[in-house]
Amino acid sequence: MGNSDYVYTDRQPPHRVAVPPPQPFFKTFKNSLKETFFPDDPLRQFKNKSPSRKLLLGLQYFFPILEWGPRYSFGFLKSDLISGITIASLAIPQGISYAKLANLPPILGLYSSFIPPLIYAMMGSSRDLAVGTVAVASLLVASMLGDEVNAAENPTLYLHLAFTATFFAGLLQASLGLLRLGFIVDFLSHATIVGFMAGAATVVILQQLKGVFGLEHFTQSTDIISVLRSVFSQIHEWRWESAVLGIGFLFFLLSTRYVSKRRPKLFWISAMAPLTSVILGSLLVYLTHAEKHGVQVIGNLKKGLNPPSFGDLVFTSSYLSTAVKTGIVAGIIALAEGIAVGRSFAMYKHYHIDGNKEMVAIGTMNIVGSCFSCYLTTGPFSRSAVNFNAGCKTAMSNVVMAIAVMFTLLFLTPLFHYTPLVVLSAIIMAAMLGLIDYEAAIHLWKVDKFDFVVCIGAFLGVVFASVEIGLVIAVAISVLRLLLFIARPRTFLLGNIPNSTIYRNVEQYPTTNSVPGILILEIDAPIYFANASYLRERISRWIDEEEDRLKSSGETNLQYVILYMSAVGNIDTSGISMLEEVKKTTDRRGIKLVMANPGAEVMKKLNKSKFIETIGEEWVYLTVGEAVEACHYKLHTCKPDSTNEELQTWNNV
């Protein structure tokens, strides 16, 4: 970075930095609340409407089916019918598999694919989200409830706690949406979700080794050490028949996925593969009597629709805190996954979904579901991707899927009696391999090393400790990074781009020139109590380094420090005190403090605190260029110890 040969020339007087007119406190407070909780202004559509129209719009807001239902056409029905039947073929075997993963009766997987999709079809705003149970939420239920209650020893209590956890998860989800607190879910960053999902998928895959090898006794822990110890300490109990079936069906499922990825038009091959595996596995066991040779089967599944379970919810037991904790953790994870999936497909189809409305829809379906023998549901990516690829047009595809599941519950459940558990394990393993997104982790490493650390922290925490600890580690690292952004904001040294009045970061633009006698600093964040002390010390260090550089090179002494404050969106009283201290420090050293482009909120507070009077209104400029020219005017026309009267007179021209 060189020095610019700046020569003062006559110019127009600088523009004033305006102080915004005072606003009533109530109006300011109202605007702040609106920006915090209603950034999308959902009430805009109700303005200047008749009462009857407002009522209809209100009903359409909570029940979008009233908006798109009247426009529904036969062409849409054909597409949704194909999509619904396709995702039903995936939902039935996955539902049974994930219920087993949650240590719940397999029939609950079918129950959870019947009632919740109907609720979501009425209240959800996504056209592509296919509702059902998911592996990660199932793993969380099994892990967190299993720490307190053994599902094998006390299945009734465990089942009731699962319903209760689902109820509280839905209550939390709906409350976040109604209170417009959806931003809380944003604390689960993309890096956190990538690492957490990969870790959970790894744990789930390892746990399926129990089904693959036909083991009857297995650890309740989810960490990799305990799982591998449990697998390899029982080598003498491995069933080769079960292992051959498991590996064969896993190969079949992965092969169909590979074909569907290579040729997207053949998506139905991958979608039908799980149900095909169940049918083939059941036929194989039935014809060979493999259940008598160590191959475990599902057994009897109860026929009929969802029985009511409201009376089974636990509100007084000593285990209530466990159910609440499980519901909160699993509910937030399920919510984050469902909204992320819905937004992804909405982006592809160029339409918008309301995150808070989605929270209300997902929460309501879980509250209602918990009263009808369902456990936690959301919008899984794999099922939604099949729904998207099958050409769904509206949420009616969920209704078609629910009708197909209802038909299965009423008439087809006996056919699953001979379904081998090893096939369910293969289905889960194949689905979980798709959640290990190593390409996303590599991308994080290339783009942002800290995000990669967050991702790996979540992954290692889940794999080597537990699902809850992995989640806590990931959120803690993410919050730590957020605090570092706030407490340690960036400050930049600005230089002049040659042959212009533009000033930019000297690290980004190495060809910029320094301005003799003037230090230009940019503060890149709001100034709060958390970073005020750091900024004071950092500005002092910038001044020390600049003075040392000028002394070593024999250049002009430092006369002015310009603070470019365009990125300072707000400031609190601690920040104002910091600026006052910096002003006193520069005065003692014979340096003048200058400000450039402070924002409206900052100017309002600096004006009320009398800091503008302290620094002098003539030393606050709209641009860095005007501030530099004013400083040059002072350097070239006034003695160093002169007053500001001449500059003030010039500014008032």
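Cut-offs applied
Residues numbered from 1 in each chain as written. Predicted model: local features only at pLDDT ≥ 70, side-chain atom pairs only at ≥ 80, totals over all residues. Heavy atoms only, no water. Helix = DSSP H or I, 4+ residues; strand = E, 2+ residues; numbered from the N terminus. Buried < 20%, exposed > 50% of the residue type's maximum accessible area, 1.4 Å probe, protein only. Contact = heavy atoms within 4.5 Å. Areas by Shrake-Rupley, 256 points an atom, 1.4 Å probe, with all protein chains shown as cover. Lys, Arg positive; Asp, Glu negative; His and termini not counted. Charge placed at Lys NZ, Arg CZ, Asp CG, Glu CD. Domains from an automatic or database assignment. Pairing = 2+ DSSP bridges. Expected span 1.5 Å × (residues − 1). Polar contact = N/O pair within 3.5 Å; in protein donor to acceptor, adjacent residues only side chain to side chain. Core = buried A, V, L, I, M, F, W, Y, C linked by side-chain atoms within 4.5 Å. Patch = residues over 30% accessible without salt bridge, like charges linked within 9 Å, V, L, I, M, F, W, Y side chains within 5 Å. Salt bridge = Lys/Arg side-chain N within 4 Å of Asp/Glu carboxyl O. Axes fitted to C-alpha atoms, helices over the stretch in contact; angles between N-to-C directions. Parallel < 35°, antiparallel > 145°, perpendicular 65-115°, else oblique. Left-handed = near helix turned anticlockwise from the far one by under 90°. Nonpolar A, V, L, I, M, F, W, Y, C, P; charged D, E, K, R; others polar. UniProt positions renumbered as here; feature names shortened; annotations may be inferred. Phe/Tyr/Trp six-rings, centres within 6.5 Å; stacked < 30°, edge-to-face > 60°. Lys NZ or Arg CZ within 6 Å of the ring centre and 35° of its normal.

1. With respect to the overall build of the protein chain
Turning to step 1, where the next piece is worked out: When helices and strands are tallied, the protein chain shows 27 helices and eight strands.
Turning to step 2, where the next piece is worked out: When each of the 653 residues of the protein chain is scored for burial, the buried share is 52%.
Turning to step 3, where the next piece is worked out: Intrachain contacts of the protein chain at a sequence separation of at least 6 include 80% that bridge at least 24 residues.
Turning to step 4, where the next piece is worked out: Accessible surface for the protein chain amounts to roughly 30700 Å². Of this, 62% is attributable to carbon and sulfur atoms.
Turning to step 5, where the next piece is worked out: With 54 positive and 49 negative side-chain charges, the protein chain shows a spacing of 8 Å between the two charge centroids.

2. Considering the domain arrangement of the protein chain
Turning to step 1, where the next piece is worked out: If you check the domain split of the protein chain, you get domain 1 (72-481) and domain 2 (488-637).
Turning to step 2, where the next piece is worked out: Taking only C-alpha atoms into account, the centre of domain 1 sits 55 Å from that of domain 2.

3. Concerning the pairing of strand E6 (residues 560-564)
Here is the key point about a regular strand: its side chains alternate between the two faces of the sheet.
Turning to step 1, where the next piece is worked out: With five of its five residues buried, E6 lies for the most part within the structure.
Turning to step 2, where the next piece is worked out: Residue alternation in E6 divides its side chains into two sets, Tyr560, Ile562 and Tyr564 and Val561 and Leu563, and both sets are buried.
Turning to step 3, where the next piece is worked out: In this structure, strand E5 (residues 518-523) lies alongside E6, joined through five bridges in parallel fashion. By the bridge assignment for E6, Leu521 is matched with Leu563.

4. Some thoughts on helix H20 (residues 449-464)
The periodicity of an α-helix, 3.6 residues per turn, causes residues three or four positions apart to be oriented the same way.
Turning to step 1, where the next piece is worked out: Between its terminal C-alpha atoms H20 stretches 22 Å, which fits the 22 Å expected from 16 residues at 1.5 Å a residue.
Turning to step 2, where the next piece is worked out: Every buried residue of H20 is listed here: Val454, Cys455, Gly457, Ala458, Gly461, Val462 and Val463.
Turning to step 3, where the next piece is worked out: Structurally, H20 contributes buried residues whose contacts are with helix H9 (190-207), helix H11 (224-232), helix H19 (438-447) and helix H21 (467-487).
Turning to step 4, where the next piece is worked out: Between the side-chain oxygen of the N-cap and the backbone nitrogen of Phe450 there are 3.0 Å, and the N-cap of H20 in question is Asp448.

5. Here we look at unusual backbone geometry
Backbone geometry follows two general trends: most residues other than glycine have a negative phi, and most peptide bonds adopt the trans configuration.
Turning to step 1, where the next piece is worked out: One non-glycine residue with positive phi stands out, namely His350, at about 60 degrees.
Turning to step 2, where the next piece is worked out: Mapped onto the elements of the fold, His350 is located in the loop between helix H14 (320-349) and helix H15 (355-370).

6. Digging into the nonpolar core
Turning to step 1, where the next piece is worked out: Residues Leu140, Phe196 and Met432 are the most contacted members of the largest nonpolar core, which totals 110 residues.
Turning to step 2, where the next piece is worked out: Here Phe196 is in contact with Val136, Leu140, Ile333, Ala458, Val462, Val467 and Leu471, once residues within four sequence places are set aside.
Turning to step 3, where the next piece is worked out: Leu493, Leu579, Val620 and Cys631 belong to the second-largest nonpolar core, a separate cluster that totals 51 residues.

7. Side note on a nonpolar patch on the surface
Turning to step 1, where the next piece is worked out: Taken together, Leu55, Leu59, Phe62, Phe63, Leu66, Met122, Leu178 and Leu179 make up a surface patch of nonpolar side chains, about 720 Å² in accessible area.
Turning to step 2, where the next piece is worked out: Per element, the largest residue contribution to the nonpolar patch is three residues, and it comes from helix H2 (residues 51-62).
Turning to step 3, where the next piece is worked out: Secondary-structure assignment places Leu59 in helix H2.
Turning to step 4, where the next piece is worked out: When its relative accessible area of 39% is taken as the criterion, Leu59 is described as partly exposed.

8. Structural notes on the pairing of strand E2 (residues 491-496)
Turning to step 1, where the next piece is worked out: Most of E2 sits out of view: six of its six residues are buried.
Turning to step 2, where the next piece is worked out: On E2, burial covers both faces: Thr491, Leu493 and Gly495 on one face and Phe492, Leu494 and Asn496 on the other are all buried.
Turning to step 3, where the next piece is worked out: Pairing geometry for E2 and E5, over three bridges, is antiparallel. Each residue of the ladder has a partner; that of Thr491, found in E5, is Ile523.
Turning to step 4, where the next piece is worked out: Connecting E2 to the antiparallel partner strand E3 (residues 503-505) that follows it, the hairpin turn spans six residues, and Asn499 within it adopts a positive phi of roughly 60 degrees.

9. So, the pattern of salt bridges
Turning to step 1, where the next piece is worked out: Tallying each qualifying case throughout the model produces eleven salt bridges.
Turning to step 2, where the next piece is worked out: The residue Asp128 makes a salt bridge to Lys349 at a minimum N-O spacing of 2.7 Å. You can see Asp128 sitting in the loop between helix H6 (115-123) and helix H7 (135-146) and its partner Lys349 sitting in helix H14, a full 221 residues away along the chain.
Turning to step 3, where the next piece is worked out: For Lys349, a relative accessible area of 26% corresponds to the partly exposed category.
Turning to step 4, where the next piece is worked out: Close ionic contact of Asp544 with Arg589 constitutes a salt bridge, the shortest N to O distance being 2.5 Å. Taken together, the residues Asp544 in helix H22 (residues 529-553) and Arg589 in the loop between helix H23 (573-588) and strand E7 (592-596) connect sequence positions 45 residues apart.

10. So, the packing of H20 against H21
For any two helices packed against each other, one specifies the crossing angle of their axes together with the interaxial distance.
Turning to step 1, where the next piece is worked out: Two elements in contact, H20 and H21, have axes separated by 6 Å at closest approach and are oriented at 160 degrees. By the angle class used here, H20 and H21 are roughly antiparallel. When the axes of H20 and H21 are compared, the crossing they make is right-handed. Contact with H20, carried on its side by Phe450, Asp451, Val453, Val454, Gly457, Ala458, Gly461 and Val462, involves Val467, Gly470, Ile473, Ala474, Ile477, Ser478, Arg481 and Leu484 of H21 and no other residues of that element.
Turning to step 2, where the next piece is worked out: Residue classes in the contact of H20 with H21 are distributed as ten nonpolar, four polar and two charged.

11. What to know about the UniProt feature "domain: STAS" (unreviewed entry) in the protein chain
Turning to step 1, where the next piece is worked out: According to UniProt, the feature "domain: STAS" (unreviewed entry) maps to residues 508-631 in the numbering used here.
Turning to step 2, where the next piece is worked out: For residues 508-631, helix accounts for 51% and strand for 16%, while the C-alpha atoms at its two ends are 25 Å apart.

12. Quick word on the packing of aromatic side chains
Turning to step 1, where the next piece is worked out: Taken as a whole and assessed by the stated rule, the structure comprises 16 aromatic pairs.
Turning to step 2, where the next piece is worked out: Here Tyr61 and Phe62 contribute two aromatic rings whose centre-to-centre distance is 5.2 Å and whose plane-to-plane angle is 85 degrees, an arrangement assigned as edge-to-face.
Turning to step 3, where the next piece is worked out: Looking at Tyr61, the relative accessible area reads 15%, which means it is buried.
Turning to step 4, where the next piece is worked out: For Phe62, a relative accessible area of 35% puts it in the partly exposed group.
Turning to step 5, where the next piece is worked out: Aromatic pair Tyr286 and Tyr418: ring centres 5.2 Å apart, planes at 70 degrees, arrangement edge-to-face. With Tyr286 in helix H13 (residues 267-288) and Tyr418 in the loop between helix H17 (396-412) and helix H18 (421-433), the pair connects residues that are 132 residues apart, well separated along the chain.
Turning to step 6, where the next piece is worked out: When its relative accessible area of 47% is taken as the criterion, Tyr286 is described as partly exposed.
Turning to step 7, where the next piece is worked out: Judged by relative accessible area, Tyr418 falls into the partly exposed class, the value being 27%.
Turning to step 8, where the next piece is worked out: In textbook terms, an aromatic cluster arises when at least three aromatic residues are bridged by ring pairs, as seen for Phe345, Tyr348, Phe381 and Phe388.
Turning to step 9, where the next piece is worked out: Sitting over the ring of Tyr351, Arg127 keeps its end group 4.0 Å from the ring centre.

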